[in-house]
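# Observations on the model geometry
Chain residues, written in single-letter form:
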Protein chains: 2
Amino acid sequence: MADNVVLLDFWPSSYGMRVKIALEEKGITYECRQEDFQAKSSLLLEMNPIHKLIPVLIHNGKPVCESLNVIEYIDEVWNYKPSLLPSDPYKRSQARFWGDYIDKNVYSIRRKVWIGKGKEQEESKKKFIECLKTLEQELGDKPYFGGEEFGYVDVALIPFTSWFYTYEIYGKLNIEEECPKLVTWAKRCMEKESVAKSLPHPHKIYGFAKQYKQRHGLE
Amino acid sequence: MADNVVLLDFWPSSYGMRVKIALEEKGITYECRQEDFQAKSSLLLEMNPIHKLIPVLIHNGKPVCESLNVIEYIDEVWNYKPSLLPSDPYKRSQARFWGDYIDKNVYSIRRKVWIGKGKEQEESKKKFIECLKTLEQELGDKPYFGGEEFGYVDVALIPFTSWFYTYEIYGKLNIEEECPKLVTWAKRCMEKESVAKSLPHPHKIYGFAKQYKQRHGLE
């Protein structure tokens, strides 16, 4: 039986982009269905009844939820090269540590960088840059987080660089000035077809963010 | 070379208990060092410079941090039976989903159940019981979360049952009344030597919680 792969997605979501990159890396054919957050589909509610959030990967009718979990699942089911996680258990544990760090820190702070105001925004900007610097330090002089090959931590982090332009405009930031090596790494990742295909143009993200703020009276 | 395994721990921590259970399940000999949160050791700061938190598993001098990550590492390095994660990729993804659910929900709410006051405490109690009921529903009529065998989700969840007595006293709750199947599951897990050896007596946890509240003026 041929694999049936459906991704429930919402295009500006960095979490959804992660899954798309992983699928592209493995060369998996899939159908991408866009969700409307004002009116979630009955399929989404059925497939992710606990969190009711995208992304959901539906593989032969069975759902896998939570983006980092989905990446591991893809890597384990389609277990040919390129591998996303390293084969060495210690290196795997380090990759998972950084994936978790990105989820717990970067993603939780970034919203306030473009939505927050006054003191709250200033504090978020400071924390956000601290996180990026921590990640930049972990990257060091390696081409990718895992070393010579593009992998799990790169997949986890790269989607949110498509939001950098939005953070810079609303947060009055210059990320390249703060974290030049991280920006060089992002450009390197963007040379990969799997990444370039999966990330929307930063101006399109900015357009979405602008509309979102207008719609929610956050301007 | 014999494995050198050191666990940096703080005995009332449910996260630390998880690692102890996993080590016991695999029959690994290890040294447990207690950390003092008022004066963290230089070893802890060196081994977990990012979060500066226990538990840290130091295996032949190399640190692994974050308890669920440590459990996976233990299962991958000492890859003989009993396995903590299932071998089937889909079942693995479901186990990781529930581990993540426990971390994101149960652990983040429970503190306010025994520390919070008034409306905040009431809301936390409600959410806390909702989470437990969701977990109870996932358990269903299976002996363990993964089915017939004790595994990853059991390891992730069982430590915090040693805190149930404390939540019940301070939160004026009766968890057995709310979630009878979950309490039966907890008793089943406690029959395992790996669990019984790793969990402190609930009265000892309550003594710790009481002292903590006194020391921080939270009574």
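Residues numbered from 1 in each chain as written. Chains lettered and ligands numbered in written order. Predicted model: local features only at pLDDT ≥ 70, side-chain atom pairs only at ≥ 80, totals over all residues. Heavy atoms only, no water.

### Re the relation of the copies chain A and chain B
For the pair chain A and chain B, the superposition axis carries a translation of 0.0 Å, the fit reaches an RMSD of 0.0 Å, and the rotation angle comes to 180 degrees. Each copy turns onto its partner about a two-fold axis. Residue by residue, 100% of the interface of chain A is reproduced at the interface of chain B, so both copies engage with the same surface. (Least-squares fit on C-alpha atoms with pLDDT ≥ 70 in both. Contact = heavy atoms within 4.5 Å.)

### So, the UniProt feature "domain: GST C-terminal" (unreviewed entry) in chain A
The sites that carry the UniProt feature "domain: GST C-terminal" (unreviewed entry) are, in the present numbering, residues 88–208 of chain A. End C-alpha to end C-alpha, residues 88–208 of chain A measures 40 Å, and it is 75% helix and 0% strand. (UniProt positions renumbered as here; feature names shortened; annotations may be inferred. Helix = DSSP H or I, 4+ residues; strand = E, 2+ residues; numbered from the N terminus.)

### Regarding helix H4 (residues 89–115) of chain A
Residues and elements named next belong to chain A. Look at H4: 39 Å from first C-alpha to last across 27 residues, which is about the 39 Å you get at 1.5 Å a residue. Along its length, H4 reaches its greatest deviation from straightness, about 30 degrees, at isoleucine 102. You can read the cap of H4 off the contacts: a side-chain oxygen lies 3.2 Å from the backbone nitrogen of tyrosine 90, and it is on aspartate 88. (Expected span 1.5 Å × (residues − 1). Bend = angle between axes of the 7 residues up to and from the residue. Polar contact = N/O pair within 3.5 Å; in protein donor to acceptor, adjacent residues only side chain to side chain.)

### Let's talk about the layout of surface pockets
All names here are of chain B. Put simply, the second largest pocket is a space of about 810 Å³. Every residue lining the second largest pocket is counted, 30 residues in all, and those nearest its centre are Ser83, Leu84, Leu85, Pro86 and Ser87. Top contributing element to the lining of the second largest pocket by residue count: helix H4 (residues 89–115), with six residues. Here the residues of the lining of the second largest pocket are counted per class, giving 12 nonpolar, seven polar and 11 charged. (1 Å grid on protein atoms, 1.4 Å probe; cavity = no way out; pocket = protein on both sides within 12 Å on 5 of 7 lines; lining within 4 Å. Points joined across faces, edges and corners; volume = space filled by probe spheres on them. Nonpolar A, V, L, I, M, F, W, Y, C, P; charged D, E, K, R; others polar.)

### A word on the side chain of A:Lys125
Residue and element names in this part refer to chain A. As for its position among the elements, lysine 125 is in helix H5 (residues 118–139). Overall, lysine 125 belongs to the buried group, its relative accessible area being 12%. If near-sequence neighbours (up to four positions away) are discounted, lysine 125 is found in contact with Val113, Gly171, Lys172 and Leu173. (Buried < 20%, exposed > 50% of the residue type's maximum accessible area, 1.4 Å probe, protein only.)

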